[in-house]
Amino acid sequence: MSQSWSGSSSSEDSSDDDNDSLSSQNQAATSMQLGEETETIVEYAAIGQDQAAVSAVIHAREYQLEMLEESLKRNIIVTMETGTGKTQVAVLRIQAELEKSSPNKIIWFLAPTVALCEQQAKVFRSQIPSAQIKFLSGADSIHTWTDTRTWDEYLKDAHIVVSTHQVLFDATSHAFVRIERLSLVIFDEAHNCVGKHPGSKFMALYHAHKNAGRPVPSILGLTASPIFNSKLEALETIEKTMDSICRSPTIHREELMSFVKRPAMHYLFYSQSEPMPYTQAMNNVANVYFNLNIYKDPYIVRLQSDSSERSRVALKKALKERNTYVSSQIKSLWRKSCEIQKELGSWAADYFIFTSISGFLASVKVNDSWFREWQMEEKQYLSEALGRIEVSRPPPLDDTTPSGDISNKVAALIRELSSSTDGTIGIVFAREIATVAVLGHMLSTHPLTKDRFRIGVMVGTSNHAAKKRDIGTLNKTGDCKDLEKFQNGTLNLLIATSVLEEGIDVPACNLVICFDKPDNLKGFIQRRGRARMRESKLILLLDNPTRKIDEWMALEEEMKKRYEEDLRYIQELVELEESEQPAIEPLYIPETGARVDFDQAKSHLEHFCSRISIRQYADSRPYYIFKQTHTSLKQVPKITATVILPMSLPPEIRRIESRGFWFSEKNASKDAAFQAYVAIYKAGLLNDNLLPLNHELMSSYDTRAGLAEVRERWSPWTQIARAWDQQQEIYQRRLRLIDQDGNIMCEFDASLPVPFPEVPGFDIFWDPYRSWKVELGEMKVNPVHNLQNDQGPALMDLAYRHRKLNMRDSTQVLHIRSPTQDIPFQQLLGQKCVEGTSLDDTALIRDNIGVPYVLIDWVPFLDSESLAMEMLHDGTLHDQPPDVPWLMLKKLTRRKNFLSPIHAGESTSSKEAKRGPRRKPVHHCRMDGIHASNVYFGVLIPSIMHKVEICLVANELRNTLLKDVGYSDLSLVSIAINSPGTGEGTNYERIEFLGDMILKMFATATVTANNPNYPEGFLDAIKTSIVSNARLCRSAVETGLDKFILKKGFKGKRWQPLYVEDLVKADINIDDKREMSTKTLADVVEALIGAAFIDGGLSKALTCIRIFLPEIEWRSLDSARDALFSQTLHSTELIAPLAPLEKLIGYSFNNKNLLVESATHSSYSFVNSTGSCMERLEFLGDAVLDRIVTSAIWAFESELDQREMHLFRTASVNADILGFLCMGWTIPQEVTEIAQDATIVRKQIEVPFWKFMRYSLRDMAVRQQAAEKSYELEKESILDATKNSKGYPWVELAHLNLPKFFCDFFESMLGAIWVDSGSIDTCTKFVEKAGVLPYLRRMLKDGVDVLHPKNHLGILAGKYHKTVEYRNEIREMEDGSRELFCRIAIHGEEIVDVGGGVNNEEIQTKAADLAYKILKTREENGELTKSIGDVDVTMT
């Protein structure tokens, strides 16, 4: 992927049509002149002095309409002067195209810079508001749009797209945008589309399509100067490239010329100053340069310390050419001072040297950010050298300044400016950046100009943010602010480089001065176009009027020749390169139409390498080694190149040579890059759009909404109802209701016409004080003709008749019958008279309307007060005498759901709870003719049926979709499909946590084994797409799992009896839908995997995985391990430095290469470009560690919930704790020293695990040394916390600020052990030996608080409805140092301000810990208030 994909352009590719954007301006304003691009009518509404509603009406001019007509006939390049409204022609052409093109076609407008694109997009949006206009730039991250689907989605319904040329070329060359889809392409600054410009390359694709007879878009070019260079055939070339002809208005030529306001050209002559002697400051700079000791230069020192091939080549070149960055800076400073002295005078040279040196030394002293890209050693080395120069600020410019201190050229400029008329708005163009800065300062301070002009400078900025800043860069404040001030009129004179010639919108000027002659015809035209006001002047400073006057009188014609002369110094190289045009066919993919040519390969290769690894300290850039071959003494030597690719790639494609011999290193490197890109494609690491494969993998991630519409939960009862008429056998289980003492209260036989699933015994929560149990016996199979009448309706009638549950004497889907007694329908309720009966709690009491009660006591009579109380609640007792026998009764519970506990004080009816026991006269009461326990069983039938239903659903799932898994324990399936919101007492969360780990382990091992050439980044992308919630959610729906998931719990109040005769009439084809969380769908898949693992180990888990993810070629862990072991070249020899490592880790490798690979950082490719690095093994080791830690947490004696397990796992495997343990894991090694008396002294030193990692980056060494120092300072407090503290040392670990490669090394070693041994037990011993498992067991045993301080603070603040805000900032301290601080505000109140941070995360952790403690103390003291809106309420 090309680096230019971002759509950015350099300042050199700017627009010459800077005023093509249309803006509403006051017609009466002085800036509105006749020659402005458009006519604008402005109307102000009477809103107020400071507010105006502005409406603009655009009138097309006749010559613009003439160009429109021409463009509708053929492809043309509109050639008109700057400021005549070429953009308006484009607007008209777009509007015409929108009228005739089909809706799926796109108009694409191209401009050379992002700024100009943005400017033109605003014009189109204002003038064509009905069209959908899209502006594409690098800020849209289009480099991540790596599949046609993304582009299609973005361009859907788009009418106009505005972008740079590179964006369109990349999109079409990768076949994301088909040329056939374009109806019109407009090229702003069309003269740029020559050679290898992306616009020219797009047109090459255009011509290929046209020659093949395929549809192509119309072309419209816009330019002020179609001849870019001096060749006479250039016009024909651009016309041929653009498949267009150049056209200017002819019919309305006079109107066009009335808008063309060419400035009057003047020549300001000055005499060339005599050569001036170098100033003392200049001589001092030269002396410093020549006296530099290059061997002390930090760059040379760094190269000498690095033994890599790359460094040796660079060192040889640097010493030969005596060229380092520091030395080149001093040389550049001297060269610039010489140029400034020649152009501006000695005063300017001394000012430039003084300002540059003093500014650099001051920046180094305070260590500010101005030279932040420099290495500290370079800054110190240069500051020591420059510190030996005695420099002083030159005296201010005034009338006493010697004439020799200011050049004749500057003096002439000052005279011209001082004599200019009032209201002058001007630009002075100079060639060099340093010249612009110093000249701007001189004009701002000179007595003749400082009060006459408000002066700013504009030199442009680099596109490369990481580029080192030169010490001669003077404009610290940046010139964008000066440009803005010039645009809004605050400044009226701008000193600028050629960056202001085109592409930047500036106001029209009446004075343009060329301090240096324009470099070429284009520059002359652009500068002239800036002077667009009436009676404007273009002034050229010339030093020899006798010889040059004739040339400048005909400048436009002669500039072609001058341009050719200016390019002569590079012409030979260009011709040499062009003479060897490569006869190399592009890499072309017919299926997609994507292609990468010889010129694109290098940038594509760099992009590919940057995408395969984003690890810190991993230099993934390709680098090139060149070799010269002399074919004969007389011929120019030819060059070949070898490109070295990152170590994370397979060894066989890591070192690729160019195929041909070349005159230039540029072409040789392109050849090598092209061959490498072809090899990468053949290795399967590029997709058919010729982009890195991980683009495709990442883009394949499914997006996941919060909710999904899924099938309604499957009900077994309709199927069972139909089966009652079809089966010859019934399946029966004995149900026993057992009280809290273990006594059988009653028992019934439950029958189904289908196999009766195993239903585990379950608890019945009768009331807050009594908990019973229902147990089911073994299943029996009986002939259907032996089945007697269903007693379920009779039992439920006894239980629910008083609640208007109208029962019918009809068979229900769950047949229930007592094995010992007859229970007739509607005959036993209130069957017996109470009077004269010995009463106890074995029978329920009914009042005169059939409401059931439990007997509490017999009361011989009631006192008047009690009678009055009862009469108050029961009007039927109004005439009852108090002296008759009464019964004290408790109303039977009204609940239907007895599966959830009910605690003391809770009741389904608050009124009932307050009422207490009832009293009824005996003659109002009757008693049931059946034992109360049978009625209780009838009350429980809804709850029993719900439990049976769950098992039936789980059994159906087990026997259909999951048949191949062969679950033996149905309860595991029941738990797995039970979402947390059902309130069933158990849910899937715990086993989902286990299933997540199992799936991750299988996915990691499988994708690694199946893709031996893929780097870790690709593997992670594949694994992530497999285990993503979006993919698992989709799988749940596609397999039909969704209809078995239990989302809602048992709702007793809504329960109704299920009769067979009703259900057989139901429509089983109704496809009802329900909404469900997509996360729930994914979680159930993982829970079923976890359930399979518990039920039958890894083999059943893998079978379950294959059901839900059938598109993956899954491997068993043994198969994956065997494949991985065989993919690594075998060796029994171990390099000496790593020999102690086996002893340290307690394992001896069968294949020593696995140990070497696990210890090799990817940066080591600079030393060894053929081996393998640790990244793939680290990817494996992460999953192995997750499995070991999760298994240990699962096996803990106390059952933890999912949240607790997650927290303990995070606390055990995070990079900080693993890095810390690696720092302290050591092995003793004997070292020998010689004492002063020449005796041999042997002693042992402790060598830590992390020191065995192999790398070649100096930055890693520095980082390790810093980590080692931090470890020594912090280790005792952290060790004490791991052994004794009740809290986890989050703050202390974060303060260590350990780099992640410590953790990576640990995980890669674990992955290597697994591949080598194939034993999880061996891996567990390694994790045990490293200290991970001992600390985990200690945390579990002692209940260590492992919640992160930021989570603690968030939870506590949230409890009181308070917001938490973190504010990080860097402050400068009194000693000049800089320190990182974090302030935390709780609901606007700042409660902590902590400094001393080493990084953002660490300082936030530290601040959160302190803030939580403060907030907790307030809560304990009753000082914390709950925020409700703007009111604080004290919580008690």
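Everything discussed here concerns the structure shown above.
A few points on the structure. Just so it is clear, the model here is predicted, and its values are computed rather than measured.

## Description of the overall build of the protein chain
In step 1: Within the protein chain, the secondary structure is distributed over 48 helices and 41 strands.
In step 2: Here the protein chain holds 1436 residues, and the buried ones make up 53% of them.
In step 3: Sequence separation of at least 24 residues holds for 74% of the intrachain contacts in the protein chain that already meet a minimum separation of 6.
In step 4: Here the protein chain displays about 65700 Å² of accessible surface, and carbon together with sulfur accounts for 49% of that area.

## Let's talk about empty space enclosed by the protein
In step 1: Per the counting criterion, the structure on display carries three cavities of 30 Å³ or more.
In step 2: Forming the walls of the second largest cavity are 11 residues, and the residues nearest its centre are Ala618, Asp619, Ser620, Pro646 and Ser1162.

## Quick word on the layout of surface pockets
In step 1: The computed volume of the second largest pocket comes to approximately 1300 Å³.
In step 2: For the second largest pocket, the lining is made up of 35 residues, of which Glu712, Arg713, Trp714, Ser715 and Glu949 are closest to its centre.
In step 3: Counting residues per element, the ones that place at least two in the lining of the second largest pocket are helix 25 (717-723) and helix 29 (932-959).
In step 4: A per-element tally of the lining of the second largest pocket places helix 29 first, with five residues.
In step 5: Within the lining of the second largest pocket, the residues separate by chemical class into 14 nonpolar, six polar and 15 charged.

## Notes on the sheet that holds strand 31 (residues 886-891)
In step 1: Taking strand neighbours across the sheet as the criterion, the six strands line up as 28-33-29-30-31-32 in an open arrangement whose pairing is antiparallel. Taken across any chain shown, the strands that pair with only one partner, and hence form the sheet edges, are strand 28 (832-833) and strand 32 (918-921).
In step 2: Pairing of strand 29 (residues 845-846) with strand 33 (residues 926-927) involves two bridges; the strand directions are antiparallel. Across the sheet, isoleucine 845 pairs through a bridge with methionine 927, a residue of strand 33.

## A word on the packing of helix 41 (residues 1215-1224) against helix 44 (residues 1301-1317)
In step 1: Orientation of helix 41 relative to helix 44, taken along the N-to-C sense of each, is 80 degrees, at an axis distance of 8 Å. Classified by the angle between their axes, helix 41 and helix 44 sit roughly perpendicular to one another. Between helix 41 and helix 44, the contacting residues are Ala1215, Leu1218, Gly1219, Cys1222 and Met1223 on the first element and Phe1302, Cys1303, Phe1306 and Glu1307 on the second.
In step 2: Considering only residue class, the contact of helix 41 with helix 44 consists of seven nonpolar, one polar and one charged.

## Brief notes about the pattern of salt bridges
In step 1: Summed over the entire model, instances satisfying the criterion amount to 54 salt bridges.
In step 2: The partner of aspartate 599 in a salt bridge is lysine 196, and the shortest N-O contact between them spans 2.9 Å. Taken together, the residues aspartate 599 in the loop between strand 17 (594-596) and helix 22 (601-612) and lysine 196 in the loop between strand 7 (182-188) and helix 6 (198-211) connect sequence positions 403 residues apart.
In step 3: A relative accessible area of 47% places lysine 196 in the partly exposed class.
In step 4: When the shortest N-O distance is used, the salt bridge between aspartate 1042 and arginine 711 registers 3.0 Å. Of this pair, aspartate 1042 sits in the loop between helix 33 (1029-1038) and helix 34 (1060-1063) while arginine 711 is found in strand 21 (residues 707-711), placing the two residues 331 residues apart along the sequence.

## Digging into unusual backbone geometry
In step 1: Not every positive phi belongs to a glycine, and alanine 175 is a case in point at roughly 65 degrees.
In step 2: The class for alanine 175 is buried, based on a relative accessible area of 6%.
In step 3: Its identity as a non-glycine residue notwithstanding, aspartate 243 has a phi of 50 degrees, on the positive side.
In step 4: Structurally, the position occupied by aspartate 243 is in the loop between helix 7 (234-242) and strand 9 (245-247).
In step 5: The exposure class of aspartate 243 is partly exposed, given its relative accessible area of 22%.

## Section: the pairing of strand 14 (residues 511-514)
In step 1: Burial along strand 14 is two-sided: Leu511 and Ile513 and Val512 and Cys514, pointing in opposite directions, are all buried.
In step 2: Of the pairings in the sheet, the one linking strand 11 (residues 426-429) to strand 14 comprises four bridges and is parallel in character. Bridge pairing links isoleucine 427 to valine 512 in strand 14.
In step 3: One ladder, built from four bridges, connects strand 14 with strand 15 (residues 537-542); its direction is parallel. Each residue of the ladder has a partner; that of valine 512, found in strand 15, is leucine 538.

## Considering the environment of phenylalanine 1044
In step 1: Its place among the elements puts phenylalanine 1044 in the loop between helix 33 and helix 34.
In step 2: Distance from phenylalanine 1044 to leucine 957, taken between C-alpha atoms, is 6.8 Å for residues 87 residues apart in sequence.
In step 3: With near-sequence residues (within four places) excluded, phenylalanine 1044 lies in contact with Arg713, Trp714, Val953, Glu956, Leu957, Thr960 and Ile977.

## Overview of the packing of aromatic side chains
In step 1: Throughout the structure, instances matching the rule amount to 29 aromatic pairs.
In step 2: Seen from their ring centres, tryptophan 766 and phenylalanine 898 are 5.1 Å apart, and the 10 degrees between their planes marks the pair as stacked. Of this pair, tryptophan 766 sits in strand 24 (residues 762-767) while phenylalanine 898 sits in the loop between strand 31 and helix 28 (910-915), and the two are 132 residues apart along the sequence.
In step 3: Since its relative accessible area comes to 6%, tryptophan 766 is described here as buried.
In step 4: The class for phenylalanine 898 is buried, based on a relative accessible area of 0%.
In step 5: Sitting over the face of the ring of phenylalanine 515, lysine 409 holds its NZ or CZ atom 4.4 Å from the ring centroid.
In step 6: The ring of tyrosine 624 carries the charged tip of lysine 602 above its face, separated from the ring centre by 4.9 Å.

Cut-offs applied
- Sequence order as written defines residue numbering, which begins from 1 separately in each chain.
- Thresholds applied to this predicted model are a pLDDT of at least 70 for local features of residues and 80 or more for the giving and counting of side-chain atom pairs; totals over whole chains, interfaces and linings are not thresholded and use all residues.
- To get the side-chain values, all heavy atoms of the structure are used, and hydrogens and water are removed first.
- A run of DSSP states H or I qualifies as a helix once it reaches four residues; a run of E qualifies as a strand once it reaches two. Both are numbered from the N-terminal end.
- Classification of residues uses two cut-offs on accessible area relative to the type maximum, computed with a 1.4 Å probe and protein chains only: under 20% is buried, over 50% is exposed, and between them is partly exposed.
- Throughout, a contact is declared for two residues whenever any of their heavy atoms are within 4.5 Å.
- Throughout, the Shrake-Rupley method with a 1.4 Å probe supplies accessible areas, and for residues the shown protein chains are the sole cover considered.
- Here a cavity is any set of points on a 1 Å grid over the protein atoms alone where a 1.4 Å probe fits but cannot get out, and a pocket is any open set with protein on both sides within 12 Å along at least 5 of 7 lines; a residue lines the site when it has an atom within 4 Å of a point.
- Grid points are joined across faces, edges and corners, and a volume is the space filled by probe spheres set on the points.
- Amino acids are sorted into nonpolar (Ala, Val, Leu, Ile, Met, Phe, Trp, Tyr, Cys and Pro), charged (Asp, Glu, Lys and Arg) and polar (every other residue, Gly among them).
- Only when DSSP finds a minimum of two bridges between them are two strands counted as paired.
- Angular values range over 0 to 180 degrees, each being the angle between N-to-C directions of two axes fitted as lines to C-alpha atoms, with helices fitted over their stretch in contact.
- Throughout this description, any angle smaller than 35 degrees is read as roughly parallel, any larger than 145 degrees as roughly antiparallel, any in the 65 to 115 degree range as roughly perpendicular, and the remainder as oblique.
- For this analysis, a salt bridge means a side-chain nitrogen from Lys or Arg found within 4 Å of a carboxyl oxygen belonging to Asp or Glu.
- Between 30 and 60 degrees the pair is tilted, below 30 it is stacked and above 60 it is edge-to-face, where a pair is any two Phe, Tyr or Trp rings, Trp via its six-membered ring, whose centres lie within 6.5 Å.
- Throughout this description, the term charge over a ring refers to an Arg CZ or Lys NZ atom that lies within 6 Å of the ring centre and within 35 degrees of the ring normal.

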